[in-house]
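# Commentary on secondary and tertiary structure
Each chain, written out:
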Amino acid sequence: MNKLKEFYKSNFYIPPLELADSAESNRINTFFLSRLFFILCTATLALICALCRNNLRKHASELLFYVLCEIDTLAALLLALIFKNVSRKNAWILKNIPLGVLFSWGVASGSYICYSMGRFFEGILTFFLSTCICLCAFSFPPLFFIPIVSAGVCAIAPYICKEYSPLAVFHFGYTAAMMFCLLFYKRRSEKKFLSMISGQKKRLEAKTFGNFTLLYEGKAVKFSRSKTTELVAYLICKNGSSANTSELLCALYGEYADSARYGSSLRVLISDAKHTFSELEIQNFFSAEYNNFRINPEAVKCDYYDFLSGDKAAKKLYAGQFMSQYSWAEETAAFLERKSLAG
């Protein structure tokens, strides 16, 4: 058992703090998919009611299925909003809960379709489609994925054995096992990628005490537009939390900035940041997903982050100034001052 634990730790284990950025991506993707699925379920429910309004009792199981889908997607949507700004320390667990809620029902719905509706093919298809979407679109923790999929396999297997044969159960279980192998392969690749990012962290540095400066291999990163530097500085100040377009417009152009006037300017800044980081081959640092923008704190060395982690050297470096050239940083500067005085 100890050898197995050591094997897992050396090949697949990733510290929760390093997974905080992946958890944020999961939260954003869940937020997007929840809205999409809720709209589709509502439209399907309305269509069934319209076409079968004279015989709704006959379609009671289908109606209940889509109502449950709506409840689940709405719950996942609300949880994705609630856990948006949790600390990075708890991000790996809390930000994956919305995904767990959405995925659990995706797997359970396969069993529901088989048993309550008697539609074997649709049930199996729903089960495997849910797992495939999860594996492709998310960075799923094995401790979440394996129990959920195993429960789905155990629930559907008796139905397969009854309707077909024990050999069909073997094929079903074999396919699920292949998905577990794919999960661990993806996990291993993610671990290697994060190891590479930790090497990049030694070359990419953000200095926030005093004026903000972003350095790569000891040289200041130069963007084609000076406002791009402020965009990156604001996202670094967010410490891995996402900011949407309206929030960025407010920070960069003022409280009354509107997307109609400044939206194109912001898109140019985002494109400039992406292009500059791509040219320098800086990876997994600046992310833009579904109108949500953020940086990955694990990909950059930063005095501000060192201060928050309790590093004594960083606390000695702080002299009461934080990103002095930006007015929106004053609130964070006051927070750091209080934290510094408190010891």
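Located above this text is the structure these notes cover.
What comes next concerns the included structure. Everything quoted here is computed from the prediction, not taken from an experiment.

### Some points on the overall build of the protein
What the protein contains, in helices and strands, is 14 helices and seven strands. With the C-alpha coordinates of the protein rotated into their principal frame, the extents come out at 70 × 55 × 40 Å. For the protein, the proportion of its 343 residues judged to be buried stands at 45%. Accessible surface, the protein as shown: approximately 18,300 Å² in total, 60% of it carbon and sulfur.

### Quick notes on the sheet that holds strand β6 (residues 292-295)
As summarised here, the arrangement of the three strands in space is β4-β6-β5, forming an open sheet in which the pairing is antiparallel. The open sheet terminates on both sides in strands that have one partner only, identified here as β4 (243-244) and β5 (286-289). Against the sheet, helix α2 (residues 20-51) makes contact with β5 and β6, and its axis sits at roughly 180° relative to β6, the strand it touches most. Across the sheet, helix α9 (residues 226-237) lies against β4, β5 and β6, angled at about 80° from β6, the strand it touches most.

### Concerning the sheet that holds strand β2 (residues 213-216)
Read from one edge to the other, the open sheet built from four strands follows the order β3-β2-β1-β7, with strand pairing classed as mixed. Strand pairing shows two members of the sheet lacking a second neighbour, β3 (219-220) and β7 (301-302), which therefore form its edges. Examined bridge by bridge, strand β1 (residues 204-207) and β7 share two bridges and lie parallel to one another. Residue Glu-205 lies in a different strand from β7, and its bridge partner there is Lys-301.

### With respect to the side chain of Ser-241
You can see Ser-241 is positioned in the loop between α9 and β4. If sequence neighbours within four positions are ignored, Ser-241 has contacts with Lys-84, Asn-85, Phe-293 and Arg-294.

### With respect to helix α8 (residues 166-200)
In this model α8 runs 51 Å from its N-terminal to its C-terminal C-alpha over 35 residues, within 8% of the 51 Å that 1.5 Å per residue would give. Here α8 has its buried residues at Phe-172, Ala-176, Met-179, Phe-180, Leu-183, Arg-187, Glu-190, Lys-191, Leu-194, Ile-197 and Gln-200. On its buried side, α8 packs onto α1 (2-11), α2, α6 (120-137), α7 (142-163) and β1.

### Comments concerning the layout of surface pockets
Quantified by volume, the largest pocket comes out at close to 710 Å³. Lining the largest pocket are 28 residues, with Phe-37, Phe-65, Ser-109, Thr-126 and Ser-130 sitting closest to its centre. At the level of elements, α2, α3 (60-82), α5 (97-116) and α6 are the ones that each hand at least two residues to the lining of the largest pocket. Taken together, the residues of the lining of the largest pocket break down into 18 nonpolar, six polar and four charged. Within this model, the second largest pocket holds a volume of roughly 470 Å³. Forming the boundary of the second largest pocket are 20 residues, of which Cys-237, Lys-238, Asn-239, Tyr-304 and Thr-332 lie nearest the centre. Of all the elements in the fold, those that place two or more residues in the lining of the second largest pocket are α2, α4 (88-94), α9 and α14 (330-342).

### Regarding empty space enclosed by the protein
The full count for this structure, using the stated rule, is one cavity of 30 Å³ or more. The calculated volume of the largest cavity comes to roughly 40 Å³. For the lining of the largest cavity, the element with the most residues is α2, which contributes three residues.

### Observations regarding the packing of helix α10 (residues 245-253) against helix α11 (residues 259-279)
As a packed pair, α10 and α11 sit with axes 10 Å apart at the nearest point and diverge in direction by 90°. Here α10 lies roughly perpendicular to α11, going by the angle between them. Contact residues: Thr-245, Leu-248, Leu-249, Leu-252 and Tyr-253 in α10; Ser-259, Tyr-262, Gly-263, Ser-265, Leu-266 and Leu-269 in α11. Partitioned by chemical class, the residues of the contact of α10 with α11 number seven nonpolar, four polar and no charged.

### Regarding the pattern of salt bridges
Two side chains carrying opposite charge are able to pair once their charged atoms lie near each other. Using the criterion set out here, one finds twelve salt bridges in the structure. Between Arg-119 and Glu-122 there is a salt bridge, with its nearest N and O atoms 3.4 Å apart. Close ionic contact of Lys-301 with Asp-306 constitutes a salt bridge, the shortest N to O distance being 3.4 Å. Residue class for Asp-306 comes out partly exposed when judged on its relative accessible area of 23%.

### Quick notes on the pairing of β5
In the sheet, β5 pairs with β6 via four bridges, with the strands oriented antiparallel. Its bridge partner being in β6, Glu-289 is matched across the sheet by Asn-292. The turn joining β5 and β6, which pair antiparallel and follow one another in sequence, is formed by two residues; a positive phi near 50° is taken by Tyr-290.

Scoring rules and cut-offs
- Residues numbered from 1 in each chain as written.
- Predicted model: local features only at pLDDT ≥ 70, side-chain atom pairs only at ≥ 80, totals over all residues.
- Heavy atoms only, no water.
- Helix = DSSP H or I, 4+ residues; strand = E, 2+ residues; numbered from the N terminus.
- Buried < 20%, exposed > 50% of the residue type's maximum accessible area, 1.4 Å probe, protein only.
- Areas by Shrake-Rupley, 256 points an atom, 1.4 Å probe, with all protein chains shown as cover.
- Pairing = 2+ DSSP bridges.
- Contact = heavy atoms within 4.5 Å.
- Axes fitted to C-alpha atoms, helices over the stretch in contact; angles between N-to-C directions.
- Expected span 1.5 Å × (residues − 1).
- 1 Å grid on protein atoms, 1.4 Å probe; cavity = no way out; pocket = protein on both sides within 12 Å on 5 of 7 lines; lining within 4 Å.
- Points joined across faces, edges and corners; volume = space filled by probe spheres on them.
- Nonpolar A, V, L, I, M, F, W, Y, C, P; charged D, E, K, R; others polar.
- Parallel < 35°, antiparallel > 145°, perpendicular 65-115°, else oblique.
- Salt bridge = Lys/Arg side-chain N within 4 Å of Asp/Glu carboxyl O.

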